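This is what each chain is made of:
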Amino acid sequence: MRVILICLALGASTAVAAPGDLVPSAPDTDMLANVLSTAFLAKNLTLVCSQQDRWFAEDTRTGDLDGVGFADHVQREVLDRLSQTESGIVVIRAANASRAVSIGFIHVMGDGPADEQSERLDAWCKATAKPLVQGIIAQHEIRHDLYDRMLAQAKQ
(Lines give C-alpha, C1' and ligand atoms only; values in the text may rest on other atoms or scores of the structure.)
Protein backbone atom coordinates (compact mmCIF):
# COMPACT_ATOMS: atom_id res chain seq x y z
CA MET A 1 0.00 0.00 0.00
CA ARG A 2 1.58 3.23 -1.17
CA VAL A 3 -0.18 5.22 1.59
CA ILE A 4 2.70 4.10 3.76
CA LEU A 5 5.12 6.30 1.90
CA ILE A 6 2.98 9.34 2.61
CA CYS A 7 3.03 8.55 6.31
CA LEU A 8 6.78 8.18 6.56
CA ALA A 9 7.63 11.90 6.36
CA LEU A 10 10.75 11.32 4.28
CA GLY A 11 10.83 14.86 2.91
CA ALA A 12 12.04 16.71 5.99
CA SER A 13 12.83 20.38 5.56
CA THR A 14 15.58 22.19 7.41
CA ALA A 15 16.35 25.82 8.01
CA VAL A 16 19.82 27.04 7.17
CA ALA A 17 21.23 29.74 9.39
CA ALA A 18 23.43 32.41 7.92
CA PRO A 19 26.94 32.75 9.35
CA GLY A 20 26.92 35.03 12.32
CA ASP A 21 23.31 34.33 13.30
CA LEU A 22 23.08 34.25 17.07
CA VAL A 23 19.83 32.32 17.21
CA PRO A 24 20.54 28.71 18.22
CA SER A 25 18.91 26.14 16.00
CA ALA A 26 15.93 24.29 17.36
CA PRO A 27 14.79 20.78 16.59
CA ASP A 28 12.35 20.34 13.72
CA THR A 29 9.50 19.24 15.96
CA ASP A 30 7.09 18.97 13.02
CA MET A 31 9.25 16.40 11.24
CA LEU A 32 9.91 14.50 14.46
CA ALA A 33 6.17 14.45 15.22
CA ASN A 34 5.44 13.14 11.71
CA VAL A 35 7.82 10.22 12.20
CA LEU A 36 6.42 9.48 15.66
CA SER A 37 2.78 9.79 14.54
CA THR A 38 3.32 7.00 12.01
CA ALA A 39 4.64 4.77 14.79
CA PHE A 40 1.70 5.73 17.00
CA LEU A 41 -0.67 4.82 14.16
CA ALA A 42 0.92 1.36 13.93
CA LYS A 43 0.46 1.01 17.70
CA ASN A 44 -3.18 2.16 17.62
CA LEU A 45 -4.06 -0.21 14.78
CA THR A 46 -2.30 -3.08 16.53
CA LEU A 47 -4.18 -2.47 19.77
CA VAL A 48 -7.58 -2.16 18.07
CA CYS A 49 -7.17 -5.05 15.64
CA SER A 50 -5.67 -7.33 18.30
CA GLN A 51 -9.06 -7.17 20.02
CA GLN A 52 -10.61 -8.59 16.83
CA ASP A 53 -7.85 -11.07 16.05
CA ARG A 54 -5.61 -12.34 18.83
CA TRP A 55 -2.90 -13.14 16.25
CA PHE A 56 -2.82 -9.64 14.72
CA ALA A 57 0.23 -8.46 16.68
CA GLU A 58 2.13 -11.65 15.91
CA ASP A 59 1.12 -11.56 12.24
CA THR A 60 2.38 -7.99 11.86
CA ARG A 61 5.61 -8.56 13.81
CA THR A 62 8.85 -7.75 12.01
CA GLY A 63 11.88 -9.11 13.80
CA ASP A 64 11.40 -8.54 17.51
CA LEU A 65 8.83 -5.77 17.14
CA ASP A 66 5.07 -5.73 16.79
CA GLY A 67 3.19 -2.43 16.40
CA VAL A 68 3.34 -1.63 20.13
CA GLY A 69 7.02 -2.45 20.53
CA PHE A 70 7.79 -0.61 17.31
CA ALA A 71 6.09 2.56 18.58
CA ASP A 72 8.08 2.38 21.81
CA HIS A 73 11.31 1.91 19.83
CA VAL A 74 10.60 4.85 17.52
CA GLN A 75 9.53 7.05 20.42
CA ARG A 76 12.87 6.41 22.16
CA GLU A 77 14.75 7.24 18.94
CA VAL A 78 12.75 10.38 18.22
CA LEU A 79 12.87 11.80 21.75
CA ASP A 80 16.52 10.97 22.43
CA ARG A 81 18.47 14.14 23.29
CA LEU A 82 15.39 16.41 23.23
CA SER A 83 14.53 18.58 26.19
CA GLN A 84 11.44 17.77 28.21
CA THR A 85 9.61 20.68 26.59
CA GLU A 86 10.59 19.63 23.07
CA SER A 87 9.64 16.01 23.82
CA GLY A 88 6.25 17.11 25.07
CA ILE A 89 5.60 19.13 21.92
CA VAL A 90 6.59 16.22 19.67
CA VAL A 91 4.51 13.63 21.57
CA ILE A 92 1.39 15.82 21.66
CA ARG A 93 1.61 16.64 17.95
CA ALA A 94 2.25 13.00 17.07
CA ALA A 95 -0.59 11.74 19.24
CA ASN A 96 -3.01 14.29 17.80
CA ALA A 97 -2.07 13.41 14.21
CA SER A 98 -2.32 9.68 14.87
CA ARG A 99 -5.64 10.12 16.65
CA ALA A 100 -7.03 12.09 13.69
CA VAL A 101 -6.08 9.36 11.23
CA SER A 102 -7.43 6.66 13.55
CA ILE A 103 -10.75 8.48 13.93
CA GLY A 104 -10.94 8.74 10.15
CA PHE A 105 -10.51 4.99 9.91
CA ILE A 106 -13.23 4.44 12.53
CA HIS A 107 -15.68 6.52 10.48
CA VAL A 108 -15.11 4.10 7.60
CA MET A 109 -16.80 1.43 9.73
CA GLY A 110 -20.00 3.49 9.76
CA ASP A 111 -23.15 2.79 11.64
CA GLY A 112 -25.18 -0.35 11.76
CA PRO A 113 -25.82 -3.33 13.98
CA ALA A 114 -22.96 -4.33 16.28
CA ASP A 115 -22.42 -7.70 14.60
CA GLU A 116 -22.09 -6.01 11.18
CA GLN A 117 -19.66 -3.46 12.60
CA SER A 118 -17.60 -6.25 14.10
CA GLU A 119 -17.50 -8.09 10.77
CA ARG A 120 -16.53 -4.90 8.92
CA LEU A 121 -13.82 -4.15 11.46
CA ASP A 122 -12.46 -7.69 11.23
CA ALA A 123 -12.37 -7.51 7.43
CA TRP A 124 -10.81 -4.04 7.53
CA CYS A 125 -8.12 -5.17 9.98
CA LYS A 126 -7.18 -8.05 7.68
CA ALA A 127 -7.34 -6.17 4.38
CA THR A 128 -6.13 -2.70 5.36
CA ALA A 129 -4.65 -2.44 8.83
CA LYS A 130 -2.47 -5.54 8.69
CA PRO A 131 -0.60 -4.58 5.50
CA LEU A 132 -0.35 -0.98 6.70
CA VAL A 133 1.25 -1.94 10.03
CA GLN A 134 3.54 -4.46 8.31
CA GLY A 135 4.59 -1.82 5.79
CA ILE A 136 5.26 0.87 8.38
CA ILE A 137 7.48 -1.43 10.43
CA ALA A 138 9.21 -2.92 7.39
CA GLN A 139 10.02 0.50 5.90
CA HIS A 140 11.57 1.57 9.18
CA GLU A 141 13.70 -1.57 9.28
CA ILE A 142 14.70 -1.40 5.61
CA ARG A 143 15.53 2.30 5.69
CA HIS A 144 16.82 2.61 9.25
CA ASP A 145 19.96 4.42 8.10
CA LEU A 146 17.76 7.06 6.46
CA TYR A 147 15.71 7.43 9.64
CA ASP A 148 18.88 7.88 11.66
CA ARG A 149 20.09 10.63 9.30
CA MET A 150 16.67 12.33 9.24
CA LEU A 151 16.41 12.29 13.03
CA ALA A 152 19.95 13.62 13.46
CA GLN A 153 19.26 16.42 10.98
CA ALA A 154 15.92 17.28 12.60
CA LYS A 155 17.55 17.51 16.04
CA GLN A 156 20.22 20.01 14.97
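Our subject is the structure that appears above.
Residues numbered from 1 in each chain as written. Predicted model: local features only at pLDDT ≥ 70, side-chain atom pairs only at ≥ 80, totals over all residues. Heavy atoms only, no water.

Caption draft 1: Broad picture of the state of the cysteines. A complete count under the given rule lists one disulfide for this structure. A sulfur-sulfur distance of 2.1 Å marks the disulfide that ties Cys49 to Cys125. With the S-S dihedral at roughly -80°, the linkage between Cys49 and Cys125 falls on the left-handed side. Here Cys49, found in helix α2 (residues 29-52), pairs with Cys125, found in helix α6 (residues 114-142); they are 76 residues apart in sequence, far enough to count as distant. Taken as a pair, Cys49 and Cys125 share a single burial class, namely buried. (Disulfide = S-S within 2.5 Å. Helix = DSSP H or I, 4+ residues; strand = E, 2+ residues; numbered from the N terminus. Buried < 20%, exposed > 50% of the residue type's maximum accessible area, 1.4 Å probe, protein only.)

Caption draft 2: Expanded view of the pattern of salt bridges. Evaluated as defined, the whole model comprises ten salt bridges. In this structure, Asp66 and Arg61 form a salt bridge, with 3.9 Å as the shortest nitrogen-oxygen distance. Here Glu116 makes a salt bridge to Arg120, at a shortest N to O gap of 3.9 Å. Taken as a pair, Glu116 and Arg120 lie in helix α6 at a separation of four residues, close to a single helical turn. (Salt bridge = Lys/Arg side-chain N within 4 Å of Asp/Glu carboxyl O.)

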